[in-house]
Amino acid sequence: MVGVLIPELCGTVLWINIKKWKEKIFLIENNESNMTEDMLCWLLRNLQAQGILEVINGIVMGKPPFEDKYESYKNVFTKVVSFESNRPELPILYNVNIGHAYPVGIFRLGINYEINCEKKSLKLLESATL
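Residues numbered from 1 in each chain as written. Predicted model: local features only at pLDDT ≥ 70, side-chain atom pairs only at ≥ 80, totals over all residues. Heavy atoms only, no water.

Caption draft 1: Looking closely at the overall build of the protein. When you go through the protein residue by residue, the secondary structure sums to four helices and six strands. On C-alpha atoms alone, the protein measures out to a radius of gyration of 14 Å, which is about the 14 Å that the 2.2 N^0.38 rule sets for 130 residues. Across the 130 residues of the protein, 37% fall into the buried class. Across the protein, every contact between residues at least 6 apart in sequence was considered, and the portion connecting residues at least 24 apart equals 68%. (Helix = DSSP H or I, 4+ residues; strand = E, 2+ residues; numbered from the N terminus. Rg over C-alpha atoms; globule rule 2.2 N^0.38 Å. Buried < 20%, exposed > 50% of the residue type's maximum accessible area, 1.4 Å probe, protein only. Contact = heavy atoms within 4.5 Å.)

Listed below in structure tokens is the structure:
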């Protein structure tokens, strides 16, 4: 299953309990704003501090809206997830056309997916339609 980060909800009563993040695939994407590398680092460190990076099964990162962010965002993921959080084995599928990227890919939340880093693929394990 996929969880979505909405930073404004972190720490509020609307935020998801850590138990509900267990074994989920975490979906993160940037809208059209030019998010700084520091902001992405803060978001990932916030997830680390909450223990979320310890319990999830993978991350799917949407395509950065600005090409110059491609490598720098990837470096932030490596720094925070692999080194600071000590999760170098955590699958991260990066640069995916989801959310605000074009062409737009849509992920149904609440169903099971499988990340295959070797094939650079995300496979639906159940129907995406009701």
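Caption draft 2: Representation of the pairing of strand β4 (residues 92–96). Both strand β3 (residues 58–62) and β4 contribute to a ladder of three bridges, which runs parallel. Paired with isoleucine 59 across the bridge in β4 is isoleucine 92. Of the crossover connections in this fold, the one passing from β3 over helix α4 (residues 70–84) to the parallel β4 is right-handed. (Pairing = 2+ DSSP bridges. Right-handed = clockwise from strand over helix to strand, strands pointing away.)

Caption draft 3: Examining the pairing of strand β2 (residues 25–28) more closely. Here β2 shows no split at all, with Ile25 and Leu27 on one side and Phe26 and Ile28 on the other all buried. As judged from the four bridges shared by β2 and β3, these two strands associate in the parallel manner. Counterpart to leucine 27 in the pairing with β3 is valine 60.

Caption draft 4: Examining helix α2 (residues 37–50) more closely. Taking 1.5 Å per residue as the helical rise, α2 with its 14 residues ought to reach 20 Å, and the 20 Å between its terminal C-alpha atoms agrees with that figure. Those residues of α2 lying buried are Leu40, Cys41, Leu43, Leu44, Asn46 and Leu47. Downstream of α2 by one or two residues, glycine 51 has phi in the positive range, about 90 degrees. (Expected span 1.5 Å × (residues − 1).)

Caption draft 5: Here's a closer look at the nonpolar core. Residues Leu40, Ile56, Ile59 and Phe77 are the most contacted members of the largest nonpolar core, which totals 23 residues. Taken together, the elements giving at least two residues each to this core come down to β2, α2, α3 (52–55), β3 and α4. Counting residues in each nonpolar core, the second largest holds nine residues, with Ile25, Val60, Val96 and Ile111 among its members. (Core = buried A, V, L, I, M, F, W, Y, C linked by side-chain atoms within 4.5 Å.)

Caption draft 6: Up close: the packing of α2 against α4. Running from amino to carboxyl end, α2 crosses α4 at an angle of 25 degrees, the nearest separation of the two axes being 10 Å. In terms of axis orientation, α2 runs roughly parallel to α4. Pair α2 / α4 crosses with right-handed handedness. Contacts from Glu37, Leu40, Cys41, Leu44, Arg45 and Gln48 in α2 reach Ser72, Tyr73, Val76, Phe77, Lys79, Val80 and Glu84 in α4. For the contact of α2 with α4, the per-class residue count stands at seven nonpolar, two polar and four charged. (Axes fitted to C-alpha atoms, helices over the stretch in contact; angles between N-to-C directions. Parallel < 35°, antiparallel > 145°, perpendicular 65-115°, else oblique. Left-handed = near helix turned anticlockwise from the far one by under 90°. Nonpolar A, V, L, I, M, F, W, Y, C, P; charged D, E, K, R; others polar.)

Caption draft 7: Spotlight on the environment of isoleucine 56. Secondary-structure assignment places isoleucine 56 in the loop between α3 and β3. Take isoleucine 56: its relative accessible area is 1%, and that puts it in the buried class. For the pair isoleucine 56 and lysine 74, spaced 18 residues apart in sequence, the C-alpha to C-alpha distance is 19 Å.

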